[in-house]
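Architecture at a glance
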Amino acid sequence: MRAAVVRQWGSIEPGELPEPAAGPGEVVIQVEAAGVNFADTLLVAGKYQEKPPFPFSPGLEAAGTVLRCGAGVGRVKPGDRVLAMLDRGGFAERAVAKESDVYVTPAGMDAATAAGFPVTYGTAHCVLCWYLRVQPGETLVVHGAGGGVGLATVECGKVLGATVIATAGSDDKLALARAHGADHGINYAREDLRTRIKELTGGRGADAVFDPVGGDAFDASLRSTAWGGRIAVIGFASGKVPQIPANILLVKNITVHGVYWGAHRKHRPEKMPEEFAELFRWYTEGKLEPHVSHRFPLAEAKRALELLTTRKAQGKVVVVM
Ligand SMILES: NC(=O)c1ccc[n+]([C@@H]2O[C@H](COP(=O)([O-])OP(=O)(O)OC[C@H]3O[C@@H](n4cnc5c(N)ncnc54)[C@H](OP(=O)(O)O)[C@@H]3O)[C@@H](O)[C@H]2O)c1
């Protein structure tokens, strides 16, 4: 089958891979579209926590139609339109997923939107509801708010009743975050984050911070969080892993929570159907409006990844078959 294939670190090219088989409890999906995540750029570069043997295809989420089901699969059947989280392999005509990672696509959601839905909204929902425990009326800062997981978090934060302060490195991305519900925007390329967050919260600081960027954004968060505030460490898109001075945590009773959603799914599988049921309900009620900024054909998967590393993506980028 056709795929975007990695045969050495740092290189992804159009090629062929063997047909995947559906083992017990697994589902083979005829892929229509695959979501592109920052983690794919790390996977291709050999900088991700998992380093698969060559050759492999990246792609951690996909949408399409169930083609084959392995032994014991009961939740979906051939012909169902589904979206799925994948260990990898979404940048290919067919991909294999664990049955527990496959959900029937909500009515009215097109394949490109569905392909870019599970990782970003799944992470946003999990972090806001189960780790940051955002309450109505609280102030939530979302860093990198024009990116995939950032924009999904802006929307979920609004559904939960928070006042959302979006931060990004360009006015375009802030305009997008505002169009998706953000109450305020801070351009960290030219404004001081700490000063602006304090101003926007009347000097109190933010109750909760969602940080997929790290580096300077994290450092500013620590210094502009309210007493008793919570910070979720989601990723380091800036390339800088922050160091945490414990004295600041102590003085302000701050909680810093690391969240790797992939691990959360493994350790709390029973929570996933509940999480997706709520997200699909929000989508069906029109409370979520996923934004796909770019679609690339499979043969141009490399360009899709470059859009993320050059910070040109807005919301989600997808690869379509
Ligand atoms: N922990 C988890 O379970 C989990 C789940 C999903 C994603 N993540 C992590 O969250 C981060 C964002 O993922 P994503 O898929 O949403 O990526 P994305 O769409 O590319 O968004 C990343 C955002 O980070 C900002 N950024 C700042 N410095 C950057 C740099 N040097 N290079 C690239 N982007 C930079 C960019 O916004 P500006 O240009 O506005 O600064 C960009 O919009 C990644 O670190 C990813 O690994 C973690």
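Conventions we followed
Residues numbered from 1 in each chain as written. Predicted model: local features only at pLDDT ≥ 70, side-chain atom pairs only at ≥ 80, totals over all residues. Heavy atoms only, no water. Axes fitted to C-alpha atoms, helices over the stretch in contact; angles between N-to-C directions. Helix = DSSP H or I, 4+ residues; strand = E, 2+ residues; numbered from the N terminus. Parallel < 35°, antiparallel > 145°, perpendicular 65-115°, else oblique. Left-handed = near helix turned anticlockwise from the far one by under 90°. Contact = heavy atoms within 4.5 Å. Nonpolar A, V, L, I, M, F, W, Y, C, P; charged D, E, K, R; others polar. Polar contact = N/O pair within 3.5 Å; in protein donor to acceptor, adjacent residues only side chain to side chain. Near = heavy atom within 4 Å. Areas by Shrake-Rupley, 256 points an atom, 1.4 Å probe, with all protein chains shown as cover. Domains from an automatic or database assignment. Salt bridge = Lys/Arg side-chain N within 4 Å of Asp/Glu carboxyl O. Buried < 20%, exposed > 50% of the residue type's maximum accessible area, 1.4 Å probe, protein only. Core = buried A, V, L, I, M, F, W, Y, C linked by side-chain atoms within 4.5 Å. Buried area = accessible area lost by both parts, 1.4 Å probe. Pairing = 2+ DSSP bridges. Phe/Tyr/Trp six-rings, centres within 6.5 Å; stacked < 30°, edge-to-face > 60°. Lys NZ or Arg CZ within 6 Å of the ring centre and 35° of its normal.

**A short note on the packing of helix α3 (residues 118-131) against helix α4 (residues 148-159)**
Where α3 meets α4, the axes come as close as 8 Å, and the angle between the chain directions of the two elements is 50°. When the axis of α3 is compared with that of α4, the two are oblique. Here α3 and α4 pass one another in a crossing that is right-handed. Together, Thr120, Tyr121, Thr123, Ala124 and Leu128 of α3 and Gly148, Val149, Ala152, Thr153, Glu155, Cys156 and Gly157 of α4 make up the contact between the two elements. By residue class, the composition of the contact of α3 with α4 is six nonpolar, five polar and one charged.

**Things to note about the side chain of Ser224**
Residue placement: Ser224 occurs in the loop between α7 (215-222) and β12 (225-233). Only 2.7 Å separates the side chain of Ser224 from the backbone oxygen of Ala220, close enough to count as a polar contact. Apart from residues lying up to four places away in sequence, Ser224 is in contact with Arg194, Ile197, Lys198, Gly205, Ala206 and Lys252.

**A few points about the site of the ligand**
Lining the immediate surroundings of the ligand are 22 residues, of which Gly169, Tyr188, Val259, Trp261 and Arg311 lie closest. Take Gly147: an N or O atom from its main chain is 3.5 Å from an oxygen atom of the ligand. In the model, an oxygen atom of the ligand is placed 2.6 Å from a nitrogen or oxygen of the Tyr188 side chain. In the complex, the protein chains occlude 88% of the 900 Å² of accessible area that the ligand would expose alone. Across the shell around the ligand, the residue classes tally to 13 nonpolar, seven polar and two charged. Among the domains, domain 1 (2-117 + 290-320) and domain 2 (120-259) are the pair contributing at least three residues each to the shell around the ligand.

**Quick word on the pattern of salt bridges**
Taken as a whole and assessed by the stated rule, the structure comprises 21 salt bridges. Between Arg190 and Asp171 there is a salt bridge; the shortest N-O distance is 2.7 Å. Placement of the pair is Arg190 in the loop between β10 (184-187) and α6 (193-200) and Asp171 in helix α5 (residues 171-179), with a sequence separation of 19 residues. A relative accessible area of 57% means that Arg190 is categorised as exposed. A relative accessible area of 41% means that Asp171 is categorised as partly exposed.

**Here's the deal with the nonpolar core**
Ranked by size, the top nonpolar core spans 49 residues in total, and within it Leu83, Phe117, Leu128, Leu132, Leu140, Cys156 and Phe276 carry the most contacts. Composition of this core by domain shows at least three residues from each of domain 1 (2-117 + 290-320) and domain 2 (120-259). Setting aside residues up to four positions removed in sequence, Leu132 forms contacts with Val127, Leu140, Ala208, Val209, Phe210, Arg230, Ile231 and Ala232. Among the nonpolar cores identified, the runner-up in size contains 35 residues, and Ala34, Ala62, Phe91 and Val317 belong to it.

**Topic: the domain arrangement of the chain**
Splitting the chain by domain gives domain 1 (2-117 + 290-320) and domain 2 (120-259). Taking only C-alpha atoms, the centre of domain 1 and the centre of domain 2 are 28 Å apart. Each side of the interface is counted separately: domain 1 has eleven residues, and domain 2 has 14 residues. Between domain 1 and domain 2, roughly 940 Å² of surface is buried when both sides are summed, and carbon and sulfur atoms account for 55% of that area. At the surface where domain 1 touches domain 2, the tally comes to zero salt bridges. For the pair domain 1 and domain 2, the interface holds six residue pairs in polar contact (both at pLDDT 80 or more). When grouped by side-chain class, the residues that make up the side of domain 1 that touches domain 2 number four nonpolar, five polar and two charged.

**Side note on the pairing of strand β4 (residues 61-69)**
For strand β3 (residues 26-36) and β4, the ladder comprises seven bridges, and the chain directions are antiparallel. Looking at β4, one finds that Val28 is bridged to Arg68. With five bridges joining them, β4 and strand β5 (residues 81-85) adopt antiparallel strand pairing. When the bridges of β5 are listed, Thr65 appears paired with Arg81.

**Comments concerning the sheet that holds β12**
Spatially, the six strands line up as an open sheet ordered β10-β9-β8-β11-β12-β13, and their pairing is parallel. Edge positions in the open sheet fall to β10 and β13 (255-258), since each of these has one partner strand only. Taken over all neighbouring pairs, the strand axes of this sheet differ in orientation by 15° on average, direction set aside. Examined bridge by bridge, strand β11 (residues 206-211) and β12 share five bridges and lie parallel to one another. Bridge assignment links Val209 to a residue of β12, and that residue is Ile231. Sheet strands in contact with α3 are β8 (139-142), β11, β12 and β13, and its direction is about 150° off that of β11. Sitting on the sheet, α5 is in contact with β9 (163-168) and β10, with an inclination near 165° to β10.

**Re the packing of aromatic side chains**
If you walk through the whole model with that rule in mind, you get ten aromatic pairs. The interplanar angle of 80° and the centroid separation of 6.3 Å between the aromatic rings of Phe117 and Tyr283 together place this pair among those described as edge-to-face. Within this pair, whereas Phe117 is found in the loop between α2 (111-115) and α3, its partner Tyr283 is found in helix α10 (residues 272-284), the two being separated by 166 residues in sequence. Residues Phe117 and Tyr283 agree in their burial class; the two are buried. Through successive ring pairs, a cluster of aromatic residues spans Tyr103, Phe117, Tyr121, Trp261, Phe276, Phe280 and Tyr283. Positioned over the ring face of Trp261 is Arg265, at 4.8 Å from the centre of the ring. Across the ring face of Trp130, the terminal group of Lys271 is positioned such that the distance to the ring centre comes to 5.0 Å.

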